[in-house]
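For reference, the chains in residue letters:
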Amino acid sequence: MSETSSTVSIGDLVTAAPGRSRVFEKFGVDYCCRGSQTLEEACAAEGHDLEAILAAIAAYDASGDTSSEPDCDAMDLAELVDHIEAVHHNFLKQEMQPLSELVEKVFRVHGRNHEWIGDLRRVYRDLVMELSAHLDKEEMVLFPMIRELQRSKAKPSFHCGSVENPIGVMEMEHDAAGLHLTAIRRLTSDFTPPEGACNSFRAMMERLEAMEYDIHRHIHKENSILHPKAKALEEAL
């Protein structure tokens, strides 16, 4: 681990070694919506233990673990949007509705004994509604623009002027999703089932945590890799 790692952006640290995302998840460091922060800045702002995180990253790097994540930084833009759609969009499309039904079931059975489940239900509903619209915008507006940039020899003429405009909207929506995920983690006490929780309750917690991790990686790939490269390519054209 380089001595200057604490002054490198968190997004770049994960881009260089995708498996480091699990270290940041463990310490609660936002590497997606706030991936442009350096590790020093994030620790100072959020009160994280910088030395402990650096040690954990060094231990991960020394472990020889090879993440199952592909090297998204090595992909061209068309390959990267194809990957995001195939992996992260498909995951959400397959998971959001079944998990909604599970949240409703847990609310019906346990809502009286655990009043916070009502708040969880509301936040999750809002997240699903916003994510559904977000995926549509990416697939119908932003991603086609990026694919066109990839195959163009000169700067294309877009109806919205520049690829920066939909990117700005998408990143604002990423921030909103991040706030919903933070609220869900807080309401569930870091996805900790209450004592004596039934299998459905435990399954809901596990699936909410898995969704959080997938969305974090999804946003990281867009905010830290896809969007900067798309803007740079448009500028170059």
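Preceding this paragraph is the structure being described.
These notes cover the structure that comes with them. As the structure is a prediction and not an experimental result, all values here were calculated from the model.

Let us look at the environment of Met140. Relative to the elements of secondary structure, Met140 occurs in helix H6 (residues 116–151). In sequence terms Met140 and Ser9 are 131 residues apart; their C-alpha atoms lie 30 Å from each other.

Every α-helix carries 3.6 residues per turn, so stepping three or four residues along brings you back to the same face. If you check helix H8 (residues 199–236), its first and last C-alpha atoms are 54 Å apart, about what 38 residues at 1.5 Å a residue would give, namely 56 Å. At Leu226, H8 shows its largest bend, some 35°, and a proline, Pro228, comes one to four positions later.

Here we take up empty space enclosed by the protein. Inspection of every chain in the model, using the stated rule, returns two cavities of 30 Å³ or more. Of the pockets and cavities examined, the largest cavity occupies roughly 100 Å³. If you go around the largest cavity, you meet 14 residues; those closest to its centre are Val14, Pro18, Glu69, His220 and Lys221. Taken together, the elements giving at least two residues each to the lining of the largest cavity come down to helix H1 (10–16) and H8. Ranked by residues supplied to the lining of the largest cavity, first place goes to H8 with four residues.

In this fold, Ser152 is placed in the loop between H6 and helix H7 (164–187). Looking at Ser152, the relative accessible area reads 19%, which means it is buried. Of the polar contacts made by the side chain of Ser152, one reaches the backbone oxygen of Glu148; its length is 2.5 Å.

One non-glycine residue with positive phi stands out, namely Ser189, at about 55°. Relative to the helices and strands, Ser189 is located in the loop between H7 and H8. Phi at Asp190 is positive, roughly 60°, even though this residue is not glycine. Structurally, Asp190 can be placed in the loop between H7 and H8. Classification of Asp190 as partly exposed rests on a relative accessible area of 48%.

A complete count under the given rule lists two aromatic pairs for this structure. On the basis of an interplanar angle of 35° and a centroid distance of 6.3 Å, the ring pair of Phe24 and Tyr31 is categorised as tilted. We classify Phe24 as buried; its relative accessible area is 0%. Given a relative accessible area of 1%, Tyr31 falls into the buried group. Considering the side-chain rings of Trp116 and Phe201, the 6.0 Å spacing of their centres and the 50° angle between planes classify their relative orientation as tilted. In this pair, Trp116 sits in helix H6 while Phe201 sits in helix H8, placing the two residues 85 residues apart along the sequence. The residue whose ring lies beneath Arg121 is Phe107, and the NZ or CZ to ring-centre distance is 4.2 Å.

This part is about the nonpolar core. Note on soluble globular proteins: their nonpolar side chains tend to be buried together. Among the nonpolar cores identified, the biggest contains 30 residues, and Met96, Tyr124, Ile184, Met204 and Leu208 are the most heavily contacted of them. Broken down by secondary-structure element, the contributors of at least two residues to this core are helix H5 (77–110), H6, H7 and H8. Take this core: its biggest share by element is eight residues, from H6. In contact with Tyr124, not counting residues within four places along its chain, are Glu95, Met96, Leu99, Ser100, Val103, Ile184, Leu208 and Met211.

What follows is about the layout of surface pockets. Take a probe with the size of a water molecule and roll it over the atoms, and the empty space left behind shows itself. In this structure, the largest pocket spans a volume of roughly 570 Å³. Lining of the largest pocket is provided by 23 residues; of these, Gly28, Val29, Asp30, Gly178 and Thr182 occupy positions nearest its centre. Of all the elements in the fold, those that place two or more residues in the lining of the largest pocket are helix H2 (21–27), helix H3 (39–46), H7 and H8. With seven residues, H7 is the single largest residue contributor to the lining of the largest pocket. Residues that form the lining of the largest pocket fall into these classes: eight nonpolar, six polar and nine charged.

Another point: the pattern of salt bridges. Following the criterion strictly, the structure yields 14 salt bridges and no others. Between Asp82 and Arg147 there is a salt bridge; the shortest N-O distance is 2.8 Å. In this pair, Asp82 is assigned in helix H5 and Arg147 in helix H6, connecting sequence segments 65 residues apart. Its relative accessible area of 42% is what places Asp82 among the partly exposed residues. Note that Glu212 is salt-bridged to Arg185, the shortest N-O span being 2.7 Å. Placement of Glu212 in helix H8 and of Arg185 in helix H7 is noted, with a sequence separation of 27 residues between them. Classification of Glu212 as buried rests on a relative accessible area of 3%.

Rules used throughout
- Residues numbered from 1 in each chain as written.
- Predicted model: local features only at pLDDT ≥ 70, side-chain atom pairs only at ≥ 80, totals over all residues.
- Heavy atoms only, no water.
- Helix = DSSP H or I, 4+ residues; strand = E, 2+ residues; numbered from the N terminus.
- Expected span 1.5 Å × (residues − 1).
- Bend = angle between axes of the 7 residues up to and from the residue.
- 1 Å grid on protein atoms, 1.4 Å probe; cavity = no way out; pocket = protein on both sides within 12 Å on 5 of 7 lines; lining within 4 Å.
- Points joined across faces, edges and corners; volume = space filled by probe spheres on them.
- Buried < 20%, exposed > 50% of the residue type's maximum accessible area, 1.4 Å probe, protein only.
- Polar contact = N/O pair within 3.5 Å; in protein donor to acceptor, adjacent residues only side chain to side chain.
- Phe/Tyr/Trp six-rings, centres within 6.5 Å; stacked < 30°, edge-to-face > 60°.
- Lys NZ or Arg CZ within 6 Å of the ring centre and 35° of its normal.
- Core = buried A, V, L, I, M, F, W, Y, C linked by side-chain atoms within 4.5 Å.
- Contact = heavy atoms within 4.5 Å.
- Nonpolar A, V, L, I, M, F, W, Y, C, P; charged D, E, K, R; others polar.
- Salt bridge = Lys/Arg side-chain N within 4 Å of Asp/Glu carboxyl O.

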